[in-house]
Amino acid sequence: MSVKILAIESSCDDTGAAVLEDGKVLSNHIANQKIHEQYGGVIPELASRAHQENIVPVVDIALRTAGVKPEELSAIAFTQSPGLIGSLLVGSCFAKSMAMALNKPLIGVHHMQAHVLANFIDDPKPDFPFLCLTVSGGHTQIVLCESPLSMRVIGETLDDAAGEAFDKSAKLLGLPYPGGPLIDKYAQTGDPGRFKFPEPRIPELNFSFSGLKTAILYFLQENQQQDPAFIEKNLPDICASIQQRIISILLNKVLKATQETGIRDVAIAGGVSANSGLRKALQEHGEKYGWRTFIPKFEYCTDNAGMIAIAAYYKYLAGAFTALDAVPTARAAF
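Just so it is clear, the structure is predicted and the values come from calculations on it, not from any experiment. (Residues numbered from 1 in each chain as written. Predicted model: local features only at pLDDT ≥ 70, side-chain atom pairs only at ≥ 80, totals over all residues. Heavy atoms only, no water.)

Comments concerning the domain arrangement of the protein chain
When the parts of a complex come together, some accessible area is lost, and that lost area is often used as the size of the interface.
Consideration 1: Domain annotation for the protein chain reports domain 1 (4-117 + 301-318) and domain 2 (124-295).
Consideration 2: Summarising the inter-unit geometry, the C-alpha centres of domain 1 and domain 2 are found 27 Å apart.
Consideration 3: With 16 residues of domain 1 in contact, the opposing surface of domain 2 contributes 17 residues.
Consideration 4: Of the roughly 1,400 Å² buried where domain 1 meets domain 2, counting both sides, 78% is carbon and sulfur surface. (Domains from an automatic or database assignment. Contact = heavy atoms within 4.5 Å. Buried area = accessible area lost by both parts, 1.4 Å probe.)

Thoughts on unusual backbone geometry
Consideration 1: Backbone torsion omega between Asp123 and Pro124 reads -5 degrees, so that peptide bond is classified as cis.
Consideration 2: Counting through the fold element by element, Pro124 comes out in the loop between α3 (111-117) and β6 (130-135).
Consideration 3: In this structure, the amide linkage connecting Phe128 to the following residue, Pro129, adopts the cis form with an omega of -5 degrees.
Consideration 4: Tracing the backbone through its elements, the reader meets Pro129 in the loop between α3 and β6.
Consideration 5: The backbone of Asp22 sits at a positive phi, close to 50 degrees, despite the residue not being glycine. (Helix = DSSP H or I, 4+ residues; strand = E, 2+ residues; numbered from the N terminus.)

Observations concerning the nonpolar core
Consideration 1: Grouped together as the largest cluster of nonpolar side chains are 45 residues, with contacts concentrated most on Leu133, Leu173, Phe209, Ile246 and Leu250.
Consideration 2: The set of elements that each furnish at least two residues to this core consists of β6, β7 (140-147), α4 (162-172), α5 (180-187), α6 (210-226), α7 (230-261), β9 (265-269) and α8 (276-289).
Consideration 3: Contacts of Phe209, omitting those with residues within four sequence positions, involve Thr140, Thr157, Asp159, Asp160, Ala161, Ala162, Ala165, Ile246, Ile249 and Leu250.
Consideration 4: Residues Ala18, Ala114, Ala267 and Phe294 belong to the second largest nonpolar core, which totals 34 residues. (Core = buried A, V, L, I, M, F, W, Y, C linked by side-chain atoms within 4.5 Å. Buried < 20%, exposed > 50% of the residue type's maximum accessible area, 1.4 Å probe, protein only.)

Side note on the sheet that holds strand β10 (residues 292-294)
Consideration 1: Pairing in this open sheet of 5 strands is mixed, and the strands run β8-β7-β6-β9-β10 from one edge to the other. At either margin of the open sheet sits one strand with a lone partner, and together these are β8 (150-156) and β10. Strand-to-strand twist in this sheet, taken as the mean axis angle between neighbours without regard to direction, amounts to 25 degrees.
Consideration 2: Relative to β8, β7 is paired through 6 bridges, and the arrangement is antiparallel. Its bridge partner lying in β8, Ser147 is registered against Ser150. (Pairing = 2+ DSSP bridges. Axes fitted to C-alpha atoms, helices over the stretch in contact; angles between N-to-C directions.)

Focus: α5
Consideration 1: Listing the buried residues of α5 in full gives Gly180, Ile183, Asp184 and Ala187. For α5, the arc enclosing every buried residue in end-on projection is 100 degrees, short of the 170-degree limit, so these residues lie on one face. Pointing more than 90 degrees away from the buried face of α5 are the exposed residues Pro181 and Lys185.
Consideration 2: Against α4, α7 and α8 lie the buried residues of α5. (Arc of directions from axis to C-beta.)

What about the UniProt feature "binding site: substrate" (unreviewed entry) in the protein chain?
Consideration 1: The UniProt feature table records "binding site: substrate" (unreviewed entry) at Thr134, Val135, Ser136, Gly137, Gly138, Asp167, Gly180, Asp184 and Asn275.
Consideration 2: On the basis of relative accessible area, Gly137 is assigned to the partly exposed category, the value being 42%.
Consideration 3: Ignoring anything within four residues of it in the chain, the contact list for Gly137 reads Ala161, Gly163 and Glu164.
Consideration 4: Relative to the elements of secondary structure, Gly138 occurs in the loop between β6 and β7. (UniProt positions renumbered as here; feature names shortened; annotations may be inferred.)

Quick word on the sheet that holds strand β2 (residues 15-21)
Hydrogen bonds between backbone groups are what pair the strands of a sheet, and the pairing can be parallel or antiparallel.
Consideration 1: The strand order across the open sheet built from 5 strands is β3-β2-β1-β4-β5, with neighbouring strands paired in mixed fashion. Whereas interior strands pair on both sides, the edge strands pair on one side only; in this sheet they are β3 (24-31) and β5 (106-110). Each adjacent strand pair in this sheet contributes to an overall mean axis angle of 20 degrees, direction not counted.
Consideration 2: Here β2 pairs with β3 via 7 bridges, running antiparallel.

As structure tokens, then:
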């Protein structure tokens, strides 16, 4: 009998629902929240309210697109942690209610583990053990993946995440939220070697982006004092130079991790893995250093329920179900 799972993702500001059958994603629907753009960032209370409005129609669309009836489901999955607590509560309460109504098992999923397992939605898939660079607005980690349910962080950011570095740099440049994708857009026509930004010397496999952010601030202030139109005149080159430095910080640590572990399968995951510069650079590093490189499709990089579904599928196979009294948490160890 086939395994059919409905998965719900509500960790931040996107409401997602997906249906998976035997490891294959049949539908993956997302409702985006545009209201946060005017504030330059996600407002938690507004996000949770929007989830309440979106979750029923999103789940309905996911089920109808997949051609699966609620009673045919094998389990209901949801993002349990980490994330905005109000947003997580909406998804968890809906999932629990549906599981109780249908008498189906419940599966709570760790959001960052799901990002890693997005690499298993499509072929080719990495072999275990493999390394995964997870990069998002709130996380930057190098994860050693020993099995679908056994992962450990061997390096992480000590302050800002890579996604924050992109978005905060974009804000300094006067770009609207979310600014990370705009830096990627302008960087494609810029010269990445024109402006030099520092690379922090952080021990072991850890990262730091706070110093880079400060260096960019001082760089822009100094040049704008000399020419108020400096950013406007040089935007593509500035974006390309910022992006190049963030990417070099990330990949230099990944290279070090491959050297220390001897692992040759390398994947990326998380929202920043949608960055075209990072995707290209990882491929080039793989060719240069002999890695096998794995990069999820764009639709599975940013927050989505498809990745929650694939993570839940492996937990279902292992019988790792979640009690109905389980509570979501804003922070959780990997």
